[in-house]
Amino acid sequence: ETREWLAKLGVRSLEELVGRVDLLERLPGNTERQKKLDLTRLLQNDHIPADKPHTCQIERNKPFDEGKLAEQMVQDTAAAIAEKSGGAWSYRVTNCDRSIGARLSGEIAARYGNQGMTDAPITLDLTGTAGQSFGVWNVGGLNLILEGDANDYVGKGMTGGMLAIYPAKGATFAKNGFTIAGNTCLYGATGGRLYAAGKVGERFAVRNSGALAVVEGTGDNCCEYMTGGVVVVLGCTGVNFGAGMTGGFAYVLDMDNTFFDKLNHELVELHRISNESMEMYRSHLTQVLTEYVTETGSAWGAEVLDNLDDYIRRFWLVKPKAASLRALLTSTRANPQ
């Protein structure tokens, strides 16, 4: 059919069609706004010299991101991974450094599997702004500690280890009013821990099936299609929370009493954890917040933890309707590696 159209247009190939603006026909606009569009520049081809190529001349472009920092990390930690001895290293990252941690996770998993270095972890202390997919596919035995912020897809597909993000020392941000990581963080995670001392974007923990996470606020669609794990949100969420959520559970601190209207009630339900019958959940929340504050130094997390008696009545427990409260803690891998 393509060749039939080429024949109707009087050309032999798609290459010959490039730049043939004389074959284009402008249709009259249906509205006054469309009629005012000036398409002159699109209908002229004289601004491209005839002796210059009009089509792509090479098979592919060389990747802009050569992953030099990731390769440096592999070289620096190669002996520690081979000897399974662990250790700590420090680096500065920029938003051009994407998928930081992926190469190391691959090296560890190739030798020992997803959780093989949990007892002798590699720890990277990082400063700056991490590019997309920070900590992607993170395995047990790899801990990434970032002083700064990160882009989208933090912890995508992570299966173990820990990612901790906290603002730069000396930052004068509000206690819980700033965004520290982008959209779709923790997408498809199966294990590990993510602690972020700030807000994250939309679609947080979508398809999470085993990771533990603590953040200080989220955008829309948090915990969408979640099947396992635990999410703690110490602040406001967007709308459509828990849509399609069939497993795991979440703690949400509802300071302004708006969370009920933001929840997608189709598959999940809300419970308070301030009564005696929910003491095991309060104990679990205390344990999680303690580690969160230790790893991130979150001022807001410390405020909530130190005054939990005052804040506990504002927490909601979000769980699937089909799940039993009694069995929920043990069935969701509440403390993954």
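This write-up is about the structure you can find in this document.

So, how was this worked out
- Residues numbered from 1 in each chain as written.
- Predicted model: local features only at pLDDT ≥ 70, side-chain atom pairs only at ≥ 80, totals over all residues.
- Heavy atoms only, no water.
- Helix = DSSP H or I, 4+ residues; strand = E, 2+ residues; numbered from the N terminus.
- Rg over C-alpha atoms; globule rule 2.2 N^0.38 Å.
- Buried < 20%, exposed > 50% of the residue type's maximum accessible area, 1.4 Å probe, protein only.
- Contact = heavy atoms within 4.5 Å.
- Areas by Shrake-Rupley, 256 points an atom, 1.4 Å probe, with all protein chains shown as cover.
- Lys, Arg positive; Asp, Glu negative; His and termini not counted.
- Charge placed at Lys NZ, Arg CZ, Asp CG, Glu CD.
- Axes fitted to C-alpha atoms, helices over the stretch in contact; angles between N-to-C directions.
- Left-handed = near helix turned anticlockwise from the far one by under 90°.
- Nonpolar A, V, L, I, M, F, W, Y, C, P; charged D, E, K, R; others polar.
- Salt bridge = Lys/Arg side-chain N within 4 Å of Asp/Glu carboxyl O.
- Pairing = 2+ DSSP bridges.
- Right-handed = clockwise from strand over helix to strand, strands pointing away.
- Disulfide = S-S within 2.5 Å.
- Expected span 1.5 Å × (residues − 1).
- Arc of directions from axis to C-beta.
- Bend = angle between axes of the 7 residues up to and from the residue.
- Phe/Tyr/Trp six-rings, centres within 6.5 Å; stacked < 30°, edge-to-face > 60°.
- Core = buried A, V, L, I, M, F, W, Y, C linked by side-chain atoms within 4.5 Å.

**Here's the deal with the overall build of the chain**
Logical step 1: When its secondary structure is counted, the chain shows ten helices and ten strands.
Logical step 2: Compactness check: the chain gives a C-alpha radius of gyration of 26 Å against a globular reference of 20 Å for 337 residues, more than 25% above the reference.
Logical step 3: Buried positions account for 45% of the 337 residues belonging to the chain.
Logical step 4: When contacts within the chain are restricted to residue pairs at least 6 apart in sequence, those whose partners lie at least 24 apart make up 48%.
Logical step 5: Carbon and sulfur atoms make up 49% of the accessible area of the chain, which amounts to about 17,500 Å² in all.
Logical step 6: A gap of 3 Å separates the mean positions of the 34 positive and 40 negative side-chain charges of the chain.

**Here's the deal with the packing of helix 7 (residues 279-296) against helix 8 (residues 299-306)**
Logical step 1: Relative orientation of the contacting elements helix 7 and helix 8 amounts to 145°, with a least axis distance of 9 Å. For the pair helix 7 and helix 8, the crossing hand works out as left-handed. Side by side, helix 7 and helix 8 meet where T286, L289, T290, Y292 and V293 of the first sit next to G301, A302, V304 and L305 of the second.
Logical step 2: Residue composition of the contact of helix 7 with helix 8, grouped by class: six nonpolar, three polar and no charged.

**Some details on the pattern of salt bridges**
A side chain with one charge can pair with a side chain of the opposite charge if their charged atoms come near.
Logical step 1: According to the stated counting rule, one finds 13 salt bridges in the structure shown.
Logical step 2: Between R103 and E71 there is a salt bridge, with the nearest N and O atoms lying 2.8 Å from each other. With R103 in helix 5 (residues 102-112) and E71 in helix 4 (residues 68-83), this pair connects stretches of sequence that are 32 residues apart.
Logical step 3: Owing to a relative accessible area of 31%, R103 belongs among the partly exposed residues under this scheme.

**Side note on the pairing of strand 1 (residues 87-93)**
Logical step 1: Looking at chain direction, strand 1 and strand 2 (residues 122-130) are connected through seven bridges and run parallel. Its bridge partner lying in strand 2, S90 is registered against D125.
Logical step 2: Running through helix 5, the crossover from strand 1 to the neighbouring parallel element strand 2 is right-handed.

**Considerations on the side chain of T184**
Logical step 1: Within the fold, T184 resides in the loop between strand 4 (159-166) and strand 5 (191-196).
Logical step 2: Apart from residues no more than four positions distant in its own chain, T184 is found in contact with Y153, E202 and R203.

**Some details on the state of the cysteines**
Logical step 1: Using the criterion set out here, one finds zero disulfides in the structure.
Logical step 2: Free of any disulfide, C222 has its nearest neighbouring cysteine sulfur in C223, separated by 3.7 Å.

**Brief notes about the pairing of strand 5**
Logical step 1: In terms of burial, strand 5 is largely enclosed, as six of its six residues are buried.
Logical step 2: The side-chain alternation of strand 5 yields two buried faces, one formed by G191, R193 and Y195 and the other by G192, L194 and A196.
Logical step 3: Bridge count for strand 4 against strand 5 is five bridges, and the pairing is parallel. Counterpart to A164 in the pairing with strand 5 is Y195.

**With respect to helix 7**
Since the α-helix turns once every 3.6 residues, residues separated by three or four places project in the same direction.
Logical step 1: An ideal rise of 1.5 Å per residue puts 26 Å on 18 residues; helix 7 measures up with 26 Å between its terminal C-alpha atoms.
Logical step 2: Residues of helix 7 that are buried include every one of Y281, H284, L285, V288, L289, Y292, V293 and T296, and no others. All buried residues of helix 7 fall inside an arc of 165° around its axis, so they share one side.
Logical step 3: At the C-terminal side of helix 7, G297 shows a positive phi close to 65°.

**Observations concerning the sheet that holds strand 4**
Logical step 1: The strand order 1-2-3-4-5-6-7-8-10-9 describes an open sheet built from ten strands, whose pairing is mixed. With one partner strand each, in any of the chains shown, strand 1 and strand 9 (268-272) form the two edges of the open sheet. Within the sheet, the average angular offset between the axes of one strand and its neighbour, ignoring direction, is 15°.

**Points about helix 4**
Logical step 1: Here helix 4 contains 16 residues, and its C-alpha end-to-end distance of 24 Å stays within 8% of the 22 Å for a straight helix at 1.5 Å per residue.
Logical step 2: At T77, helix 4 shows its strongest bend, of approximately 55°.
Logical step 3: For helix 4, the set of buried residues is L69, A70, M73, V74, T77, A80 and I81.
Logical step 4: Following helix 4 by one or two positions, K84 has its phi on the positive side, about 55°.

**What about the packing of aromatic side chains?**
Two descriptors summarise a pair of aromatic rings, namely the distance from one centre to the other and the angle between the planes of the rings.
Logical step 1: On inspection of all chains with the given rule, the structure shows five aromatic pairs.
Logical step 2: Seen from their ring centres, Y195 and Y292 are 5.9 Å apart, and the 70° between their planes marks the pair as edge-to-face. Residue Y195 is found in strand 5, and its partner Y292 is found in helix 7; the two are separated by 97 residues along the sequence. Exposure class is identical for Y195 and Y292. Each is buried.
Logical step 3: Plain terms: the ring middles of F241 and F259 are 5.0 Å apart, the flat faces sit at 80° to each other, and that makes the pair edge-to-face.

**Concerning the nonpolar core**
Logical step 1: L126, F134, V154, L186, F204, F241 and V318 are the most contacted members of the largest nonpolar core, which has 54 residues in total.
Logical step 2: Per-element accounting of this core gives the leading share, five residues, to helix 4.
Logical step 3: Ignoring sequence-local partners within four residues, the contact set of L126 consists of M73, Y91, V93, I100, F134, I145, L146 and E147.

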